[in-house]
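Working through the structure, step by step
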Amino acid sequence: MRRIDTTKVHPARVYDVFLGGTDNFPADREAAAMALALAANPRGHLDVRHNRDFVRRAVTELTTGAGIRQFLDVGAGLPTRQNVHQIVQDIAPESRIVYVDHDPVVLVHAQALLTDSAEGRTDYIEADLRDPAKILLEARRTLDFDSPVALVLAAVLHFIEDDEAYDIVRNLLDALPSGSHLVLSHLSEDMNPVAIDKVAETFRKRGFSFVLRSRAGIERFLTENGLEQLEPGIVPAHHWRPDHAADAAEAPEPAPSAEHLAGLDAIERTRYVSIGEATDDDINVYVTVARKG
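A brief look at the structure comes next. (Residues numbered from 1 in each chain as written. Predicted model: local features only at pLDDT ≥ 70, side-chain atom pairs only at ≥ 80, totals over all residues. Heavy atoms only, no water.)

1. Some points on the overall build of the protein
Helix and strand counts for the protein come out as 11 helices and 8 strands. Here the protein holds 293 residues, and the buried ones make up 55% of them. Residue pairs in contact within the protein that sit at least 24 positions apart in sequence constitute 77% of those at least 6 positions apart. With an accessible surface of roughly 12600 Å², the protein has 50% of that area assigned to carbon and sulfur atoms. (Helix = DSSP H or I, 4+ residues; strand = E, 2+ residues; numbered from the N terminus. Buried < 20%, exposed > 50% of the residue type's maximum accessible area, 1.4 Å probe, protein only. Contact = heavy atoms within 4.5 Å. Areas by Shrake-Rupley, 256 points an atom, 1.4 Å probe, with all protein chains shown as cover.)

2. Remarks on the packing of aromatic side chains
Enumeration according to the criterion identifies 3 aromatic pairs in this entry. Taking the centre distance of 5.5 Å and the plane angle of 85° together, the rings of Phe54 and Trp240 count as edge-to-face. Pair noted here: Phe54 is in helix H3 (residues 45–64) and Trp240 is in the loop between strand E7 (235–236) and helix H10 (258–262), with a separation of 186 residues, a long-range link. Between Arg213 and the ring centre of Tyr166, over which it is positioned, the NZ or CZ distance is 5.6 Å. Stacked on the ring of Tyr166, the Lys or Arg Arg220 has its end atom at 3.7 Å from the ring centre. (Phe/Tyr/Trp six-rings, centres within 6.5 Å; stacked < 30°, edge-to-face > 60°. Lys NZ or Arg CZ within 6 Å of the ring centre and 35° of its normal.)

3. Regarding the packing of helix H6 (residues 132–139) against helix H7 (residues 162–174)
Two numbers describe how H6 lies on H7: the axes approach to 9 Å, and their chain directions differ by 25°. In this view, H6 runs roughly parallel relative to H7, as classed from their interaxial angle. Crossing hand, H6 versus H7: right-handed. Contacts between H6 and H7 pair Pro132, Ile135 and Leu136 from the former with Ile168, Asn171 and Leu172 from the latter. Residues of the contact of H6 with H7, tallied by class, amount to 5 nonpolar, 1 polar and no charged. (Axes fitted to C-alpha atoms, helices over the stretch in contact; angles between N-to-C directions. Parallel < 35°, antiparallel > 145°, perpendicular 65-115°, else oblique. Left-handed = near helix turned anticlockwise from the far one by under 90°. Nonpolar A, V, L, I, M, F, W, Y, C, P; charged D, E, K, R; others polar.)

4. Examining the pairing of strand E8 (residues 285–292)
Counting buried positions along E8 yields 7 of 8 residues, so the element is predominantly enclosed. Sheet analysis places strand E5 (residues 181–187) next to E8, joined by 7 bridges and oriented antiparallel. By the bridge assignment, His186 is partnered in E8 with Tyr286. Sheet analysis places strand E6 (residues 227–229) next to E8, joined by 3 bridges and oriented antiparallel. What sits directly across from Leu227, in E8, is Lys292. Where E7 lies against E8, 2 bridges are found, and the strand directions are antiparallel. (Pairing = 2+ DSSP bridges.)

5. Let's talk about the side chain of Asn284
Secondary-structure assignment places Asn284 in the loop between helix H11 (266–270) and E8. Judged by its relative accessible area of 2%, Asn284 falls in the buried class. Side chain to side chain, Asn284 and Asn192 meet in a polar contact 3.4 Å long. Those residues within four positions of Asn284 in sequence are excluded, and the remaining contacts are Asp47, His186, Leu187, Ser188, Met191, Asn192 and Ile196. (Polar contact = N/O pair within 3.5 Å; in protein donor to acceptor, adjacent residues only side chain to side chain.)

Shown next, in the form of structure tokens:
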């Protein structure tokens, strides 16, 4: 296994910070705090949490409404509460789920936490999104590509430059049969450009590509692959079939006093903000679910 460099920021671990996880390092927490402070937007964490909640709603809908029993979650990040396999196999225990990520920290935790249901299977592939051939080859160990698969690309394509990103999605979708679905979320500067541009800059300064595509650029992932959007189409994350459930990152205990809250750092304070409080001014993530005919 590759050595884990705890001094370098990794998007999956920054994401984990915003979800209230503990599988991150000081460099990741610093990047998360910088993203909030530099954007002058202490509610920026709501993008991450609403993105995660969208995935919950989308895979639930595909399992219950479309009968999907296979999921390929690329760029899955660290296992957290309400993982795709937990949501899906709770509804349909025979379901098969394959996670893909290239962070060795993710691999360590995946091996410890991802377990099969009695009827279904859960697998993990250590691979980069930029290598769709490897992903597809190894996913076939678990998934049957003669039956529909839901491809989950949640908050990952903005780390890939334009030409490469569209090629990657095309290569992945070409391997999937009719009746498969794409679950897609993507940061955009269409909605609140000042705040999200500063967040993007914190990642670019740390050596990451960070592409804030427009709605039209996101729709291109669908139109170039002949996909049919499910209602309500491409919308901000909190507007895709909301069910107003509390998300897993919220603190289970009541909010402390104002004085105590003021003494917490920016990251700790986010746990006491409900995603139900989000407004259009807080969200910079477009999401959609689309079907392959």
